[in-house]
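# An overview of the molecular structure
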2 protein chains.
Amino acid sequence: MTTGATARRGRPGHDISTVLATSVEVFNERGFDGTSIDDLARRLKISKSAIYHHVESKDALLGLALDRALTGLEEVAKHVRSLDGPAMDRLDTLLRGSVAVLVERLPYVTLLLRVRGNSEVERQALTRRRRLDRLAAELVKQAVGEGDLRPDIDPAVTARLLFGMVNSLTEWLKVGRGASSADIAEVVAAVAFDGLRVHREA
Amino acid sequence: MTTGATARRGRPGHDISTVLATSVEVFNERGFDGTSIDDLARRLKISKSAIYHHVESKDALLGLALDRALTGLEEVAKHVRSLDGPAMDRLDTLLRGSVAVLVERLPYVTLLLRVRGNSEVERQALTRRRRLDRLAAELVKQAVGEGDLRPDIDPAVTARLLFGMVNSLTEWLKVGRGASSADIAEVVAAVAFDGLRVHREA
């Protein structure tokens, strides 16, 4: 690192975290492919070369952003894999942990969910996402086997609907507004596991 | 319309439906803002002017595509508004009808769900979408009032989670593959209303 680079990095508001956070904001607004480094420079009010000081390309920025979402989710998965006990409880822990990461890293997870595999960076992210999806599907399958989840629906479909509901939070949650991630997780778990209907005695 | 235009329109694969279907495919792959009329022309293997023969702009194409999703959903809403009976039954009809439109017009609904309000066309689509969301929220509220849906969750949140699950189908359903829309609607309704958990006697 040159002295010049250190100096530039030190300028307030121009560190890599700020560049990353603002870039993700713009990617989510305009779509990744619809965003140019020029757009990012304008929004950040810095020069293109100041961005290139931090990252070598727009793709590298995307990689960093997706990694921020994925490492959070992977830590939850790692914790869940280390647990014993009924699959239903582990699935519940995975669900709540995923909601927490989604709430805490909302713009990053939002970006992750829009990735379609248009580049090597996107394909690598999809591979990591699929590994998480497989864990969810395995836990659903085990919980069905243990008699805790309904057996009449394909476990893969169940897992997708469950996490589809979780992921739909990115459509309407606002950063830093409203309920805590634990409260949100509680509601999602209640709806998913126990359903919306009131079961009245006949 | 000139004779030339009629002739061009008559050429197989170059009618407005094909232009629209292919454009929506490309928009979903690359994002609307990341797609140029050049990209569309290349994919359609026609000239840009052949596209401009059908529509005056990329925005107009987007408008047509979003309208295809929205009119389908609005027809369901209109039918539901005409019904009497418990709100729970009307909500169930809205849910199943929405799933059917989603399955039948999958790429169009997928595109609709990604709209963020970046242009006048997108903002108009969002206004129409919000009208549909309001119907869902009203029905949930009524069903809670009638004692059929759990009262411990904010009706607006319930409606969002419910249709969040429906909308998440766009992430993994494949056009023309697998179960019928009625089967898919059955599964979504079962999970949403009755939950995933098996309730065993103590």
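Notes on the structure in this doc start here. (Residues numbered from 1 in each chain as written. Chains lettered and ligands numbered in written order. Predicted model: local features only at pLDDT ≥ 70, side-chain atom pairs only at ≥ 80, totals over all residues. Heavy atoms only, no water.)

This part is about the overall build of chain A. A tally of helices and strands in chain A yields 10 helices and zero strands. When the helices and strands of chain A are listed from N to C terminus, the series reads α-α-α-α-α-α-α-α-α-α. Buried positions account for 49% of the 202 residues belonging to chain A. Within chain A, residue pairs in contact and separated by at least 24 positions form 69% of the contacts whose partners lie at least 6 positions apart. Looking at chain A as shown, the accessible area adds up to about 9900 Å², and 51% of this sits on carbon and sulfur atoms. (Helix = DSSP H or I, 4+ residues; strand = E, 2+ residues; numbered from the N terminus. Buried < 20%, exposed > 50% of the residue type's maximum accessible area, 1.4 Å probe, protein only. Contact = heavy atoms within 4.5 Å. Areas by Shrake-Rupley, 256 points an atom, 1.4 Å probe, with all protein chains shown as cover.)

Next up on the list: helix α3 (residues 37–44) of chain B. Residues Ile37, Asp39, Leu40, Ala41 and Leu44 of chain B constitute the buried set of α3 of chain B. In the segment just after α3 of chain B, Lys45 of chain B is the residue with positive phi, at about 55 degrees.

Time to look at the interface of chain B and chain A. Taken together, the contacts link 41 residues of chain B with 41 residues of chain A. Summing the contributions of chain B and of chain A, the shared interface buries around 3800 Å²; its carbon and sulfur component is 57%. The partner of Asp194 of chain A in a salt bridge is Arg197 of chain B, and the shortest N-O contact between them spans 2.9 Å. At the boundary of chain B with chain A, the tally comes to 14 residue pairs in polar contact (both at pLDDT 80 or more). Put simply, the parts of the chain that give the side of chain B that touches chain A at least two residues each are α2 (16–30), α7 (106–114), α9 (155–167) and α10 (181–194) of chain B. Residue composition of the side of chain B that touches chain A, grouped by class: 19 nonpolar, nine polar and 13 charged. (Buried area = accessible area lost by both parts, 1.4 Å probe. Salt bridge = Lys/Arg side-chain N within 4 Å of Asp/Glu carboxyl O. Polar contact = N/O pair within 3.5 Å; in protein donor to acceptor, adjacent residues only side chain to side chain. Nonpolar A, V, L, I, M, F, W, Y, C, P; charged D, E, K, R; others polar.)

This brings us to the relation of the copies chain B and chain A. By a simple turn and slide, chain B fits onto chain A: the slide is 0.0 Å along the axis, the RMSD is 0.0 Å, and the turn is 180 degrees. Read as a symmetry element, the transformation amounts to a two-fold axis. (Least-squares fit on C-alpha atoms with pLDDT ≥ 70 in both.)

To continue, consider empty space enclosed by the protein. Scanning the entire structure with this criterion turns up one cavity of 30 Å³ or more. Of the volumes computed, that of the largest cavity is approximately 440 Å³. If you go around the largest cavity, you meet 28 residues; those closest to its centre are Gly31, Phe32 and Arg114 of chain A together with Gly31 and Arg114 of chain B. At the level of elements, α2 (16–30) and α7 (106–114) of chain A together with α2 and α7 of chain B are the ones that each hand at least two residues to the lining of the largest cavity. A class-by-class count of the residues in the lining of the largest cavity yields 10 nonpolar, six polar and 12 charged. (1 Å grid on protein atoms, 1.4 Å probe; cavity = no way out; pocket = protein on both sides within 12 Å on 5 of 7 lines; lining within 4 Å. Points joined across faces, edges and corners; volume = space filled by probe spheres on them.)

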